[in-house]
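Listed below are the residues making up each chain.
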Amino acid sequence: MRPAPHATGGAVDLTIVWDDGAPLWMGSLFDDATSLAGTDRFERDTDDFSFSHEEARANRRLLYWLMIEAGFSNHPDEWVALFLRRPDVGDSHGQARGAVWAG
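Before going into details, it helps to say that this report is about the structure given with it. Everything quoted here is computed from the prediction, not taken from an experiment.

Each value, and the rule that gives it
- Residues numbered from 1 in each chain as written.
- Predicted model: local features only at pLDDT ≥ 70, side-chain atom pairs only at ≥ 80, totals over all residues.
- Heavy atoms only, no water.
- Helix = DSSP H or I, 4+ residues; strand = E, 2+ residues; numbered from the N terminus.
- Buried < 20%, exposed > 50% of the residue type's maximum accessible area, 1.4 Å probe, protein only.
- Contact = heavy atoms within 4.5 Å.
- Areas by Shrake-Rupley, 256 points an atom, 1.4 Å probe, with all protein chains shown as cover.
- Pairing = 2+ DSSP bridges.
- Axes fitted to C-alpha atoms, helices over the stretch in contact; angles between N-to-C directions.
- Phe/Tyr/Trp six-rings, centres within 6.5 Å; stacked < 30°, edge-to-face > 60°.

**Re the overall build of the protein**
Working step 1: A count of helices and strands for the protein gives 2 helices and 3 strands.
Working step 2: Helices (α) and strands (β) of the protein occur, in sequence order from the N terminus, as α-β-α-β-β.
Working step 3: Looking at the protein as a whole, 39% of its 103 residues qualify as buried.
Working step 4: Considering only contacts within the protein whose residues lie at least 6 apart along the sequence, 53% involve residues at least 24 apart.
Working step 5: Only carbon and sulfur atoms are counted for the fraction: they give 55% of the accessible area of the protein, which is about 6100 Å².

As structure tokens, this is what we get:
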């Protein structure tokens, strides 16, 4: 049995911040356990979108692609959870299912 990714340093929970340390708006609180935290939450259900939703979608896409480029994958239920794509550190998650992430 492999150890959990967070326990081995193979996973991190992170966000992006401005120069002053304030976090970019991601559409939910950091470590939110609700459906708002789903990685593709703002890729679907776009009928009642506001500027805030568009901002969150753009910021989540930015985080997603920066971390994919750095060799991480994303947990589909948590935009904040990123896993190093290496089996020796317990990565058991693939990229977000159903996400568009068109850029």
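**A few points about the sheet that holds strand 3 (residues 78-84)**
Working step 1: Taken together, 3 strands build an open sheet; the order of strands is 1-3-2 and the sheet is antiparallel. Edge strands, defined here as strands with exactly one partner in the open sheet, are strand 1 (11-13) and strand 2 (72-75). Put simply, the sheet's adjacent strands are angled 30° from each other on average, direction ignored.
Working step 2: Of the pairings in the sheet, the one linking strand 2 to strand 3 comprises 4 bridges and is antiparallel in character. Following the sheet pairing, Asn74 is matched in strand 3 by Leu82.

**Observations regarding the side chain of Arg41**
Working step 1: Of note, Arg41 is situated in the loop between strand 1 and helix 2 (51-69).
Working step 2: By relative accessible area, which is 18% here, Arg41 ends up buried.
Working step 3: Ignoring anything within four residues of it in the chain, the contact list for Arg41 reads Ser35, Leu36 and Arg60.

**Some remarks on the packing of aromatic side chains**
Working step 1: What the rule picks out here adds up to 2 aromatic pairs.
Working step 2: Here Phe30 and Trp79 contribute two aromatic rings whose centre-to-centre distance is 6.3 Å and whose plane-to-plane angle is 80°, an arrangement assigned as edge-to-face. Of this pair, Phe30 sits in the loop between strand 1 and helix 2 while Trp79 is found in strand 3, placing the two residues 49 residues apart along the sequence.
Working step 3: The class of Phe30 is partly exposed, set by a relative accessible area of 42%.
Working step 4: A relative accessible area of 5% places Trp79 in the buried class.
Working step 5: Between Tyr64 and Trp65 the ring centres are 5.1 Å apart and the planes differ by 90°, which places this aromatic pair in the edge-to-face class.
Working step 6: Under the relative-accessibility criterion, Tyr64 is labelled buried at 5%.
Working step 7: Trp65 sits in the partly exposed class, given a relative accessible area of 39%.

**Some details on the pairing of strand 3**
Within a regular beta strand, the side chains point alternately toward one face of the sheet and then the other, so they alternate between its two faces.
Working step 1: Counting buried residues along strand 3, 6 of its 7 residues qualify, which places the element largely inside the surrounding structure.
Working step 2: Across 3 bridges, strand 1 lies against strand 3 in antiparallel orientation. Within strand 3, the position partnered with Ala11 by the bridge is Phe83.

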